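Given next are the chains, with one letter for each unit.
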Amino acid sequence: MSGKMKWKIAVDILMTLALLVLMSYGMAGEAVHEWTGMGMFVLFILHHILNRSWTANLGKGRYTSFRILQTILALLILVCMLGSMVSGILLSRYVFAFLHISGFAAAARTVHMLGAYWGFVLMSLHLGLHWNMVVNMAGKKGTPSAVRTWTARILALAVAAYGIWVFVKRGIGTYMLLQVHFVFLDYAEPLALFILDYMAIMGFFVFAGYYAGKALRRAGSRKK
């Protein structure tokens, strides 16, 4: 594995961890939330620097169904990230408190909530589209047996099923569709349990993204 690939993996892991912490908002503390958000933005920039060849080739080559989906997701994630960052600056009480910005709180909260939840879902789908890299790396560490393969599939399906249930239970869809304008958190809930639930939701969208990408790649290979 090249040094650049190791950096890519490290940045992606840190972004995933930061994303989970960010979703907990005040449960981890507002100051932690803001500084983690700053870290996330820096990691996002690093991610694009490390993958700049992909950006440079956007206007080149043939656009398959997989590439179209991948590009649309990347653009939507960029919109969510910029919306979250700008609204976060407007709402900041710690990192950017010195700016003394006021008068935009209501609109900024709405944009921040939309950016956070849509960004979470879209980033999870994006991760799923590239999950085949993780599968391939795991396969290189040993000859995959039928038992191990099916155990991994059953475990992934179980996580995805639980993720759907948590998604509905926690009303994530209502935030994404602005049916509810304020996020309700149970501050008595253990932070670890909250993050585990969001890991399961992420797992569902990774699962969906992985199999959607797999289907699109197969469809593309048949057309060649």
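Provided above is the structure to which this section pertains.
Student: What is the right way to read the pattern of salt bridges from this model?
Tutor: Note on pairing: side chains with opposite charge can pair once their charged atoms come close. Evaluated as defined, the whole model comprises 4 salt bridges. For glutamate 30, the salt bridge goes to arginine 93, with nearest N and O atoms at 3.6 Å. Highlighted residues: glutamate 30 in helix 2 (residues 30–50) and arginine 93 in the loop between helix 4 (65–91) and helix 5 (105–129), separated in sequence by 63 residues. Here lysine 169 makes a salt bridge to aspartate 197, at a shortest N to O gap of 3.7 Å. Placement of the pair is lysine 169 in helix 7 (residues 146–169) and aspartate 197 in helix 9 (residues 191–223), with a sequence separation of 28 residues. Residue classification places aspartate 197 among the buried residues on the basis of a relative accessible area of 3%. In the salt-bridge network here, residues are joined through shared partners; they are Lys169, Arg170, Glu189 and Asp197.

Student: Would you explain the side chain of threonine 36 in this entry?
Tutor: Relative to the helices and strands, threonine 36 is located in helix 2. Among the polar contacts listed, one links the side chain of threonine 36 to the backbone oxygen of valine 32, at a separation of 2.6 Å.

Student: Hey, could you run me through a nonpolar patch on the surface in this one?
Tutor: A cluster of nonpolar residues, Trp131, Met133, Val134, Val135 and Met137, forms a patch on the protein surface that exposes about 370 Å² of accessible area. Within the fold, methionine 137 resides in helix 6 (residues 131–140). Exposure remark for methionine 137: the relative accessible area of 30% places this residue in the partly exposed category.

Student: Looking at this structure, how should I read unusual backbone geometry?
Tutor: Across the chain, the bulk of peptide bonds are trans and the bulk of non-glycine residues have phi less than zero. Residue histidine 100 is not a glycine yet carries a positive backbone phi of 55°. Tracing the sequence through the fold places histidine 100 in the loop between helix 4 and helix 5. Owing to a relative accessible area of 69%, histidine 100 belongs among the exposed residues under this scheme. Positive phi outside glycine occurs at leucine 178, with the angle close to 55°.

Student: Quick question: what am I supposed to make of the packing of helix 4 against helix 5 here?
Tutor: Axis angle and axis distance: for two packed helices, these are the angle between their axes and the distance between the axes, and together they describe the pair. Taken N-terminus to C-terminus, the directions of helix 4 and helix 5 make an angle of 150°; their axes are 7 Å apart at the nearest point. Considered as vectors, helix 4 and helix 5 are oriented roughly antiparallel to each other. In this structure, the crossing between helix 4 and helix 5 has a hand that is left-handed.

Student: Can you help me understand the layout of surface pockets in this one?
Tutor: Vacant regions in the atomic arrangement are exposed by a probe of water-molecule size rolled over the atoms. In this structure, the largest pocket occupies an estimated 1,800 Å³ of space. When contributions to the lining of the largest pocket are tallied by element, the ones reaching two or more residues are helix 1 (3–23), helix 2, helix 3 (52–56), helix 4, helix 5, helix 6, helix 7 and helix 9. It is helix 1 that provides the largest number of residues to the lining of the largest pocket, a total of 10 residues. Per-class residue counts for the lining of the largest pocket are 31 nonpolar, 12 polar and 5 charged. Of the pockets and cavities examined, the second largest pocket occupies roughly 1,100 Å³. Along its surface, the second largest pocket is lined by 43 residues, and Tyr25, His33, Gly88, Leu91 and His112 are the ones closest to its centre. Elements with a minimum of two residues in the lining of the second largest pocket: helix 1, helix 2, helix 4 and helix 5. Among the elements that line the lining of the second largest pocket, the one with the most residues is helix 5, at 11 residues. Residue composition of the lining of the second largest pocket, by class: 27 nonpolar, 12 polar and 4 charged.

Student: Explain the packing of aromatic side chains to me, please; I cannot follow it from the model alone.
Tutor: Here the distance between the centres and the angle between the planes together describe a pair of aromatic rings. Considering all chains together, one arrives at 9 aromatic pairs under this definition. Centre to centre, the rings of phenylalanine 194 and tyrosine 198 are 4.5 Å apart; their planes meet at 25°, and the pair counts as stacked. With phenylalanine 194 and tyrosine 198 both in helix 9 and 4 residues apart, this pair spans about one turn of that helix. Here the two residues phenylalanine 194 and tyrosine 198 agree in accessibility, since each one is buried. Taken together, Phe120, Phe194 and Tyr198 form an aromatic cluster joined through their ring pairs. It is arginine 67 that lies over the ring of tyrosine 63; its NZ or CZ is 4.0 Å from the centre. Above the face of the tryptophan 150 ring, arginine 153 is positioned so that its terminal group lies 4.8 Å from the ring centre.

Each value, and the rule that gives it
- Counting restarts for each chain, with residues numbered from 1 along the sequence as it is written.
- In keeping with the predicted nature of the model, local features appear solely for residues at pLDDT of at least 70, side-chain atom pairs appear and are counted solely at 80 or more, and the whole-chain, interface and lining totals rest on all residues.
- Side-chain calculation: all heavy atoms of the structure are included, whereas hydrogens and water are not.
- The working definition used for a salt bridge is a side-chain nitrogen of Lys or Arg within 4 Å of a carboxyl oxygen of Asp or Glu.
- Counting from the N terminus, the helices are DSSP H or I runs at least four residues long and the strands are E runs at least two residues long.
- Between buried and exposed lies partly exposed: a residue is buried under 20% and exposed over 50% of the maximum accessible area for its type, with that area taken using a 1.4 Å probe on protein chains only.
- Think of a polar contact as two N or O atoms within 3.5 Å of one another; within protein, one of them needs to be a possible hydrogen donor and the other a possible acceptor, and neighboring residues in sequence only count if both atoms come from side chains.
- Patch membership requires more than 30% relative accessible area and the absence of a salt bridge. Residues of like charge join within 9 Å; the nonpolar side chains Val, Leu, Ile, Met, Phe, Trp and Tyr join within 5 Å.
- For accessible areas, the Shrake-Rupley method is used with a probe of radius 1.4 Å. Any residue's cover is judged against the shown protein chains and nothing else.
- Every angle, taken between N-to-C directions, lies between 0 and 180 degrees, and every axis is a line fitted to C-alpha atoms, over only the stretch in contact when it is a helix.
- Should an angle fall under 35 degrees it is taken as roughly parallel, and over 145 as roughly antiparallel, whereas 65 to 115 is taken as roughly perpendicular and any remaining angle as oblique.
- It is the rotation of the near helix from the far one that decides the hand of a crossing: anticlockwise by less than a right angle makes it left-handed, clockwise makes it right-handed.
- The pocket and cavity definitions rest on a 1 Å grid over protein atoms only: a 1.4 Å probe that fits but cannot leave marks a cavity, an open set with protein on both sides within 12 Å along at least five of seven lines marks a pocket, and residues lining either have an atom within 4 Å of a point.
- Grid points are joined across faces, edges and corners, and a volume is the space filled by probe spheres set on the points.
- Each residue receives one of three labels: charged for Asp, Glu, Lys and Arg, nonpolar for Ala, Val, Leu, Ile, Met, Phe, Trp, Tyr, Cys and Pro, and polar for the others, Gly being one of them.
- Stacked, edge-to-face and tilted labels apply to pairs of Phe, Tyr and Trp rings (six-membered ring for Trp) whose centres lie within 6.5 Å, assigned for plane angles under 30 degrees, over 60, and everything in between, in that order.
- Placement of a charge over a ring requires the Lys NZ or Arg CZ to be within 6 Å of the ring centre, with the centre-to-atom vector within 35 degrees of the ring normal.

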